[in-house]
Amino acid sequence: MQRRKFITLLGSAAAAWPLAARGQQPGKQVVGFLNGGIAENYAKFAREFRRGVNEMGFVEGQNVAVEYRWAEGHYDRLPELAADLIRRRVAVIAATSTPAALAAKAANTTIPIVFTTASDPVFLGLVASLARPGGNMTGATQLNLEVGPKRLELLHQLLPNATIIALIVNPTNPRAAEVQYRDAQEAARALGLQLQVLQAGTESEFEKAVAGLPQKASGLVIAGGDPFFTSETEKLAAITVRYGVPAISNGREFTAVGGLLSYGGSVADSYHLAGIYTGRILTGEKPADIPVYRSTKIEMYINLKTAGALGLTVPQGLVIAADEVFE
């Protein structure tokens, strides 16, 4: 397992852009920011997005305005929120999260769209190819669906005697859930494990699922790449601790508040990259000509205190490989 990988080509290329951006756009333009989550839970990701836009020479409130639209976990609201941004004739829509990207695509084929997603954008039908997106969409991906099998493998390392592992997915995000289930099922078979699939799209549903976890299921893999699991990670971690369930998710916050293990792509990194792409489009570039960027930054966090409370031994190799260890 590699600890971290990060491609810096885009960052170095972006460094040459801010001066050009300042020179080309003297007036204030409007960016639409569309997300399926809750604003306060996505604050740090929104900051990363703004940081990327700033690096391209655009400062919110000065030469660019941002219209924020949050679905607050109700993905069925996204189509109308996207339509509202279109009516406002924004210069570009930053559709951050897979449900937001799909809603923006369905609502509009002309206004440029920059997405973030943990899924394969070609599989989702967002772009024709990563190298040549075509159409009005481009964006940045993070490795959260692809590393789903690795999450299962890591949890199995901590639970070597387990025969059944549970996977929890969000049924309101069916495209992502389909991929998560398929990949986890293949990984489980390869490890000689049975997979118990649970569903939750709200905090109460998540707690009910964890409380009713089958006795034979030794641990829980929380599927990555969904706005609900990403934005509510601290609350979900607290639930797993309350019920004494060894669980793995993604994001530092999960382990910082007591979750056992976190492994996955950097969501913050993809938002930063989406901000850079948004700035490039504001300077006049076309999304069809900007390749989809695949962020390969991987983060791992371990909570040794939680492992001790659960009676688990963490292999020294995982401790060394972790970005941060909580004790």
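Residues numbered from 1 in each chain as written. Predicted model: local features only at pLDDT ≥ 70, side-chain atom pairs only at ≥ 80, totals over all residues. Heavy atoms only, no water.

### Considering the overall build of the chain
Alright, step 1. Each helix and strand in the chain was counted, giving 14 helices and 13 strands.
Alright, step 2. Taken over C-alpha atoms, the radius of gyration comes to 20 Å for the chain, in line with the 20 Å a tight globule of 327 residues would show.
Alright, step 3. The principal-axis extents of the C-alpha atoms in the chain amount to approximately 60 × 40 × 35 Å.
Alright, step 4. Residue pairs in contact within the chain that sit at least 24 positions apart in sequence constitute 72% of those at least 6 positions apart.
Alright, step 5. For the chain, the accessible area works out to roughly 13,700 Å², and carbon and sulfur atoms hold 51% of it.
Alright, step 6. Looking at the chain, you have 31 positive and 29 negative side-chain charges, and the mean spots of the two groups are 3 Å apart. (Helix = DSSP H or I, 4+ residues; strand = E, 2+ residues; numbered from the N terminus. Rg over C-alpha atoms; globule rule 2.2 N^0.38 Å. Contact = heavy atoms within 4.5 Å. Areas by Shrake-Rupley, 256 points an atom, 1.4 Å probe, with all protein chains shown as cover. Lys, Arg positive; Asp, Glu negative; His and termini not counted. Charge placed at Lys NZ, Arg CZ, Asp CG, Glu CD.)

### Structural notes on the pairing of strand S12 (residues 298–303)
Alright, step 1. Burial within S12 is extensive, with six of its six residues counted as buried.
Alright, step 2. In S12, alternate side chains face the same way, and those of Ile298, Met300 and Ile302 on one face and Glu299, Tyr301 and Asn303 on the other are all buried.
Alright, step 3. Across five bridges, strand S10 (residues 261–265) lies against S12 in antiparallel orientation. If you follow Gly264 over to S12, its bridge partner there is Glu299. (Buried < 20%, exposed > 50% of the residue type's maximum accessible area, 1.4 Å probe, protein only. Pairing = 2+ DSSP bridges.)

### Thoughts on the confidence of the model for the chain
Alright, step 1. A residue-level look at the chain finds 91% of positions with pLDDT of 70 or above and a mean pLDDT of 88.
Alright, step 2. With pLDDT under 50 throughout, residues 1–26 is counted as low confidence; its partners more than four residues away or in other chains account for 46 contacts. (pLDDT = per-residue confidence, 0-100.)

### Let's talk about unusual backbone geometry
Alright, step 1. Here Arg89, not a glycine, exhibits a phi torsion of approximately 55 degrees, which is positive.
Alright, step 2. Positionally, Arg89 belongs in the loop between helix H4 (78–87) and strand S3 (92–96).
Alright, step 3. By relative accessible area, Arg89 is classed as exposed at 74%.
Alright, step 4. Phi angles above zero are rare outside glycine, and Ser97 is one such case at about 120 degrees.
Alright, step 5. Within the secondary structure layout, Ser97 lies in the loop between S3 and helix H5 (98–107).

### A word on the sheet that holds S10
Alright, step 1. Strand order in the open sheet formed by seven strands is S7-S6-S8-S9-S10-S12-S13, with mixed pairing between adjacent strands. The open sheet has two edge strands, strand S7 (194–199) and strand S13 (324–326), and neither has a second partner. On average, each strand axis in the sheet is tilted by 20 degrees relative to the strand beside it, whichever way the strands run.
Alright, step 2. In this sheet, S10 lies alongside strand S9 (residues 247–249) in parallel orientation, the contact comprising two bridges. The residue bridging Ser249 from the neighbouring strand is Ser262, located in S10. (Axes fitted to C-alpha atoms, helices over the stretch in contact; angles between N-to-C directions.)

### Some details on helix H3 (residues 43–55)
Alright, step 1. Helix length check: H3, at 13 residues, gives a terminal C-alpha distance of 18 Å against a target of 18 Å (1.5 Å per residue), a fit within 8%.
Alright, step 2. Those residues of H3 lying buried are Phe45, Ala46, Glu48, Phe49, Gly52 and Val53. For H3, the arc enclosing every buried residue in end-on projection is 155 degrees, short of the 170-degree limit, so these residues lie on one face.
Alright, step 3. Where H3 is buried, its residues touch strand S1 (29–35), strand S2 (64–70), S3, helix H9 (227–231) and helix H12 (267–282).
Alright, step 4. Looking at the residues trailing H3, positive phi occurs at Gly57, about 95 degrees. (Expected span 1.5 Å × (residues − 1). Arc of directions from axis to C-beta.)

### Considering the environment of Arg51
Alright, step 1. Following the sequence through the fold, Arg51 ends up in helix H3.
Alright, step 2. Looking at Arg51, the relative accessible area reads 38%, which means it is partly exposed.
Alright, step 3. Measuring from C-alpha to C-alpha, the distance between Arg51 and Tyr271 comes to 9.1 Å, with 220 residues separating the pair along the chain.

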